[in-house]
Amino acid sequence: MADVLTFTDRGIYCPAGDFYIDPWKPVDRALITHGHSDHARYGMGRYLATAGTAPVMRHRLGEITLETVEYGTETKIGDARVSFHPAGHVPGSAQIRVAVKGEVWVVSGDYKTVADGLSEPFEPVKCHAFITECTFGLPIFKWTPQDILTRQINDWWAANAAAGRTSILGAYALGKAQRLLTTVDPDIGPILTHGAIENTNAVLRGQGFNLPETTLVTPDINHKTHPGALVLATPGALGTTWARRFGPSSTAFASGWMALRGVRRRRAADRGFIVSDHADWEGLNDAIKATGATKVFATHGYTSAFQKWLTSRGYDAHIVSTEYQGEGFDQTEEAEA
């Protein structure tokens, strides 16, 4: 039986439907798993994405030809049957199921298996072949439970405010920042946001997401105008002139990479919170097992180690080279979202 999907220099391609999934070079028809810029790129002729992903895509890409679909709705494209299913990564994110002549493949995009109270929870999709990320595909990666994470962040912020320090928390503009907003206690103090984060907040609020009140950082805002504030900043803004306006401060970074010793020091952060919008080691293994797939393709992250692990567990495991970035601790592209 021919492969349902093939791997090309433009992206993941479905010959039966003549479309690509999350292509990184211009193509005529692109199916998009979610709105992060390594998966939803400018220059495609036509786009198909979930209704929940569409607003942020339009915000980032401008005028595009975009068709939307609801989760679970099957669409026939050529000789392929396609449906989108919740990935739990960020609001609107999806896994894409492609069926051709009884053979089912699923492209996960990026995903996490633990519900965060913001994104649509991950739903495993039965398939013969599963294309998975493995950004954090090592046993060392285990995320802090949501209730403990919430307490850690609020205690850190409250202690800083009591000591007269501003709390600066680095997080990506789409998904991570809004997830953190749902965990913080606004009674501690004002919440200030970098422009990229506030722009994304506005998009999600327009979709009906209930986020606490935030204030966009403008040139006249500093530690004197908003003492004891929590500042949500993009990773690229940490340690810059933009951040230094807040005077005495404590800087923290929220990322799965905080599980690795030394990474916090590289980010010039006083504190690290171990949290990610990607699956940790346990989540990756649970998700793959739940699909029932026998063939697995690892696309980005610790691909070699993860492929060897899957092979040892009896899977027909492969490595695929893509241009997806996952969660890079030196990544700054979200700063301009």
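Below: a short report on this structure.

Rules used in this analysis
- Residues numbered from 1 in each chain as written.
- Predicted model: local features only at pLDDT ≥ 70, side-chain atom pairs only at ≥ 80, totals over all residues.
- Heavy atoms only, no water.
- Helix = DSSP H or I, 4+ residues; strand = E, 2+ residues; numbered from the N terminus.
- Buried < 20%, exposed > 50% of the residue type's maximum accessible area, 1.4 Å probe, protein only.
- Salt bridge = Lys/Arg side-chain N within 4 Å of Asp/Glu carboxyl O.
- Pairing = 2+ DSSP bridges.
- Contact = heavy atoms within 4.5 Å.
- Axes fitted to C-alpha atoms, helices over the stretch in contact; angles between N-to-C directions.
- 1 Å grid on protein atoms, 1.4 Å probe; cavity = no way out; pocket = protein on both sides within 12 Å on 5 of 7 lines; lining within 4 Å.
- Points joined across faces, edges and corners; volume = space filled by probe spheres on them.
- Nonpolar A, V, L, I, M, F, W, Y, C, P; charged D, E, K, R; others polar.

## Details of unusual backbone geometry
We note that D18 has phi near 55°; this positive angle belongs to a residue other than glycine. Mapped onto the secondary structure, D18 falls in the loop between β2 (12–14) and β3 (19–21). The phi dihedral of K101 falls on the positive side, at around 50°, and the residue is not glycine. Counting through the fold element by element, K101 comes out in the loop between β9 (94–100) and β10 (103–107). A relative accessible area of 78% places K101 in the exposed class.

## Observations concerning the pattern of salt bridges
Enumeration over the complete set of coordinates arrives at ten salt bridges. Note that E74 and R81 form a salt bridge whose closest N and O atoms lie 3.5 Å from each other. For R81, a relative accessible area of 39% translates into the label partly exposed. Of the charged contacts in the structure, one is a salt bridge between E327 and K176, with a shortest N-O distance of 3.6 Å. Remark: K176 occurs in helix α3 (residues 176–181) and E327 occurs in the segment after β19 (316–319); sequence separation between them is 151 residues. Each member of the pair, E327 as well as K176, is classed as buried.

## Focus: the side chain of N160
With respect to the helices, strands and loops of the structure, N160 is situated in helix α2 (residues 146–162). Here N160 falls in the buried class, since its relative accessible area comes to 3%.

## Remarks on the sheet that holds strand β12 (residues 166–170)
The strand order β14-β13-β15-β12-β16-β17 describes an open sheet built from six strands, whose pairing is parallel. A strand with exactly one partner marks an edge of an open sheet, and here the two such strands are β14 (215–216) and β17 (271–273). Sheet contacts for helix α4 (residues 195–206): β13 (191–193), β14 and β15 (230–233); angle to β13, the most-contacted strand, approximately 105°.

## Examining the sheet that holds strand β4 (residues 29–31)
If you walk across this open sheet you meet the six strands as β1-β2-β3-β4-β5-β6, and the pairing is mixed. Looking along the sheet, the strands with just one partner apiece sit at the ends: β1 (6–7) and β6 (66–69). Direction of pairing for β1 relative to β2: antiparallel, over a ladder of two bridges. Within the sheet, the bridge partner assigned to T6 lies in β2 and is Y13.

## As for the layout of surface pockets
Unfilled space is identified by rolling a water-sized probe across the atoms. Taken as a whole, the largest pocket holds about 250 Å³ of empty space. The wall of the largest pocket is formed by 17 residues, among which V114, W143, T144, P145 and D280 lie closest to the centre. Ranked by residue count, the leading element in the lining of the largest pocket is helix α7 (residues 281–291), at three residues. Tallied by class, the residues present in the lining of the largest pocket amount to five nonpolar, six polar and six charged.

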